Amino acid sequence: MTGDALAGRLRDIVGSQHVLTDADLKAGYETDWTGRFQGKARLVVRPSRTNEVAAVLVACAEAGVPVVPQGGNTGLVGGSVPSGGEVVLSVRRLDEIGEVDAVAGQVTAGAGVTLATLQAHARAARLDFGVDIPARDSATIGGMVATNAGGIHVMRFGHMRQQVAGIEAVLADGSIVSRLSGLQKDNSGYDLAGLLAGSEGTLAVITKVRLRLVPQRPHRVVALLALGDTAAAQDTLTALRPGLPSLEAAEIFYREGVELVCEHSGLLPPFAEPYPCYLLLECAGRMDPATELIEALETSPPGPLSASREGGTPRRPADASPILDTAVATDRPGRERLWAYRELHTSAINAAGIPHKLDVSLPPGELAAFERDVRALVAGAAPGARVILFGHLGDGNLHVNILGVPPEDETVDDLVLRMVAERGGSISAEHGIGRAKLRWLSLTRSEADIAAMRAIKQAVDPSGILNPGVLLNTAMDCGR
Ligand code: MLT
Ligand code: ZN
């Protein structure tokens, strides 16, 4: 089938205004959010119903043209943009959202529903959604399930896979699998929904998701703590956590990130003087958790000193609090201001250049040393590069952002990911493998593990048309 014949067939399926071939119209679908990953799409197709997705996949399979599924295009590992010549299948028009089922505490959302829309919908029914990420206004549910997105509430509610009660998806041959009943108990065979969560568009195109909702927690308090280093932040969190069942976020960031955010946004610094490290805590509940948090901050023991030792000498007296300064907010504007120092990191970094983004997780006992050593590692390999670290301390997840290294130079990526693997961590905590980390997958997945994943891919997508070059290198398996 010629390119034009395929475009014509797709126009018959979705309507001509939803097949984009014009370079200007395609452009927004061809570059990822960071600007690091890009490629020309053959065309962009925008179906609005599951049976249209199925017909599009059949047409593309018959034409032998690979398909890149795309949601809000907020991914950070190049997993939803073309590398050259693919059809981009945008699911954004699959944006129907069902009525909240208050009895089950569930809702069915189309893959193109944004997280912010889902949150508003759930809140209108006096419930809420357990996953939240700073890209909430653009990120779509389908993409978030496909990447098993994590975000700022994982420590309380888990990541995206744990919110999925059922799924509808279209396989590469156009067949539709649908498990949307949301049954609490249904042990009949493989957990396809669980498998598709985190499959990064390589096994199927997710079209609808049945999602678990969580109780609303209308009362909130946010505290920003100034600390001396990562070890002090970890000690503080370890000491506070048992007494704070309402804790739902524990985010870490550092002086250079706050300075960049303030420079970019015009925000004033959070405290009169800068500190090396910041820990943002949020507690939420049906009852006001402010007293609980404030009392915990005042009375909790300073925590173990072992991680705070340098050269064997504790840097603070055993009975001294590691907290150097504190800002607390209960009202919405105050809370949002404190969150801004954390949430504006991504856009501030992007405004400063095209970053190398390495989203990694470490065992708790390795985190503080890794934070220190990764800075030295990058400084040695790429003098002059800027390292901006931030992340989800409660999940042992650090986002290592490196500015000032050309996008195609992967020397620092290689060094950092190897250091992560040597210390028992994961090369992808929550962003996925995408195109960005494909060559390093074997650092933290065994040969047998990768072979099993390839076998699954081969079974459901034997001609390899779904997102080739993402997550697994299947070109050989599919004779490409
Ligand atoms: C975040 O936690 O803000 C996201 O993972 C985005 C990022 O890493 O830049
Ligand atoms: Zn994150």
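In this convention, every chain numbers its residues from 1, walking through the sequence in written order. Lettering of chains starts at A and numbering of ligands starts at 1, both following the order in which they are written. In view of the model being predicted, local features appear only for residues whose pLDDT reaches at least 70, and side-chain atom pairs are presented and counted only at 80 or more, with totals across whole chains, interfaces and linings using the full set of residues. Computation of side-chain values covers all heavy atoms of the structure but excludes hydrogens and water.

### What about the overall build of the protein?
Numbered from the N terminus, helices here are DSSP runs of H or I no shorter than four residues, and strands are runs of E no shorter than two. Helix and strand counts for the protein come out as 16 helices and 19 strands. To get the radius of gyration, use the C-alpha atoms; to get the globule rule, take the number of residues to the power 0.38 and multiply by 2.2 Å. Against the compact-globule benchmark of 23 Å for 480 residues, the protein has a radius of gyration of 23 Å, which places it among compact chains. The rule is simple: take the accessible area with a 1.4 Å probe, protein chains only, and divide by the maximum for that residue type; under 20% is buried, over 50% is exposed, in between is partly exposed. Counting every position in the protein, which comprises 480 residues, the buried fraction comes to 56%. The criterion used for residue contact is that any of the two residues' heavy atoms lie within 4.5 Å. If you take every contact in the protein between residues at least 6 apart in sequence, the share linking residues at least 24 apart comes to 73%. In this description, accessible areas are obtained by the Shrake-Rupley approach with a 1.4 Å probe, and a residue is regarded as covered only by the protein chains that are shown. Counting every atom, the protein has about 19700 Å² of accessible surface; 52% of that belongs to carbon and sulfur. The positive charge centre, built from 45 side chains, and the negative charge centre, built from 56, are 3 Å apart in the protein. Two residue types count as positive, namely Lys and Arg, and two as negative, namely Asp and Glu; His and chain ends fall outside the count. Every charge is mapped onto a representative atom, which is NZ of Lys, CZ of Arg, CG of Asp or CD of Glu.

### Overview of the sheet that holds strand S3 (residues 67-70)
Strand order in this open sheet of 4 strands is S1-S2-S4-S3, and the pairing throughout is mixed. The open sheet has two edge strands with one neighbour each: strand S1 (19-20) and S3. We treat two strands as partners when DSSP finds at least two bridges between them. Note that S3 and strand S4 (residues 87-90) share 4 bridges and pair parallel. Counterpart to valine 68 in the pairing with S4 is valine 88. All axes here are fitted lines through C-alpha atoms, helices being fitted over the stretch that makes contact, and every angle between N-to-C directions spans 0 to 180 degrees. Across the sheet, helix H3 (residues 50-63) lies against strand S2 (43-45), S3 and S4, angled at about 170° from S4, the strand it touches most.

### So, the confidence of the model for the protein
Overall, the predicted model of the protein reaches an average pLDDT of 94, with 94% of residues at or above 70. As a per-residue quantity, pLDDT reports the predictor's confidence and falls between 0 and 100. Considering only residues more than four positions removed or in separate chains, one finds that residues 303-316, a stretch of pLDDT under 50, has 26 contacts.

### Regarding the sheet that holds strand S9 (residues 204-212)
Reading across from one edge, S5-S9-S7-S8 is the order of the 4 strands in this open sheet, with antiparallel pairing throughout. The strands lining the two open edges of the sheet, one partner per strand, are strand S5 (106-110) and strand S8 (176-179). Taking the axes of each pair of neighbouring strands and ignoring which way they run, one obtains an average angle of 15° across the sheet. Looking at chain direction, strand S7 (residues 164-171) and S8 are connected through 4 bridges and run antiparallel. Residue pairing for S8: valine 170 is matched across the bridge by isoleucine 176. Sheet strands in contact with H3 are S7, S8 and S9, and its direction is about 40° off that of S7.

### What to know about the site of ligand 1
Surveying the vicinity of ligand 1 reveals the residues Leu76, Pro134, Arg342, Thr346, Lys357, Phe390, His392, His399, Glu430 and His431. We call two N or O atoms a polar contact when they sit within 3.5 Å, provided that within protein one can donate a hydrogen and the other can accept it, with sequence-adjacent residues counted only if both atoms are side-chain atoms. Between ligand 1 and lysine 357, the relevant distance is 2.9 Å, taken from an oxygen atom to a side-chain nitrogen or oxygen of the residue. One of the side-chain nitrogen or oxygen atoms of histidine 392 is found 3.1 Å away from an oxygen atom of ligand 1. When the free accessible area of ligand 1 is taken as 260 Å², the share hidden by the protein chains comes to 91%. Any residue that is not Ala, Val, Leu, Ile, Met, Phe, Trp, Tyr, Cys, Pro, Asp, Glu, Lys or Arg is counted as polar, Gly included; the first ten are nonpolar and the last four charged. A breakdown of the residues in the shell around ligand 1 according to their chemical character gives 3 nonpolar, 4 polar and 3 charged. We call a residue near a molecule or strand whenever a single non-hydrogen atom of that residue lies within 4 Å of it.

### Details of the coordination of the zinc ion (ligand 2)
With water excluded from the atoms, a metal site may look incomplete; its donors are any N, O or S atoms within 2.8 Å, or within 3.2 Å for Na, K and Ca. Distances from the zinc ion (ligand 2) to its protein donors, His392 (NE2), His399 (NE2) and Glu430 (OE), fall at 1.9 to 2.2 Å. According to the relative accessible area criterion, histidine 399 is buried, its value standing at 5%.

### Some details on the packing of aromatic side chains
Centres within 6.5 Å make a pair out of two Phe, Tyr or Trp rings, where for Trp the six-membered ring is used; the pair is then stacked when the planes are under 30 degrees apart, edge-to-face when over 60, and tilted otherwise. All chains considered together, the criterion is met by 3 aromatic pairs. Between phenylalanine 253 and tyrosine 278, the ring centres sit 5.7 Å apart and the planes meet at 20°, which makes this aromatic pair stacked. Here the residue phenylalanine 253 occupies a position in strand S12 (residues 247-254), and tyrosine 278 occupies one in strand S13 (residues 277-285), the gap between them amounting to 25 residues. In this pair, the class of phenylalanine 253 matches that of tyrosine 278, namely buried. Between the aromatic rings of phenylalanine 271 and tyrosine 275, the centroid separation amounts to 5.8 Å while the plane-to-plane angle is 80°, which identifies the pairing as edge-to-face. Grouping residues by exposure puts phenylalanine 271 and tyrosine 275 together as buried. Of the aromatic side chains, those joined through ring pairs into one cluster are Phe253, Phe271, Tyr275 and Tyr278. Only lysine NZ and arginine CZ atoms are considered, and such an atom sits over a ring when it is within 6 Å of the ring centre and within 35 degrees of the ring normal. The positively charged end of arginine 375 is found above the aromatic ring belonging to tyrosine 254, 4.9 Å away from the centroid.

### What to know about the environment of alanine 226
One can find alanine 226 in strand S11 (residues 219-227). The exposure class assigned to alanine 226 is buried, which follows from its relative accessible area of 0%. For the pair formed by alanine 226 and tyrosine 254, sequence separation is 28 residues and the distance between their alpha carbons is 9.4 Å. In this view, alanine 226 contacts Phe271, Tyr275, Cys277, Tyr278, Pro322, Ile323, Leu324 and Asp325; residues no more than four positions away in its chain are not counted.

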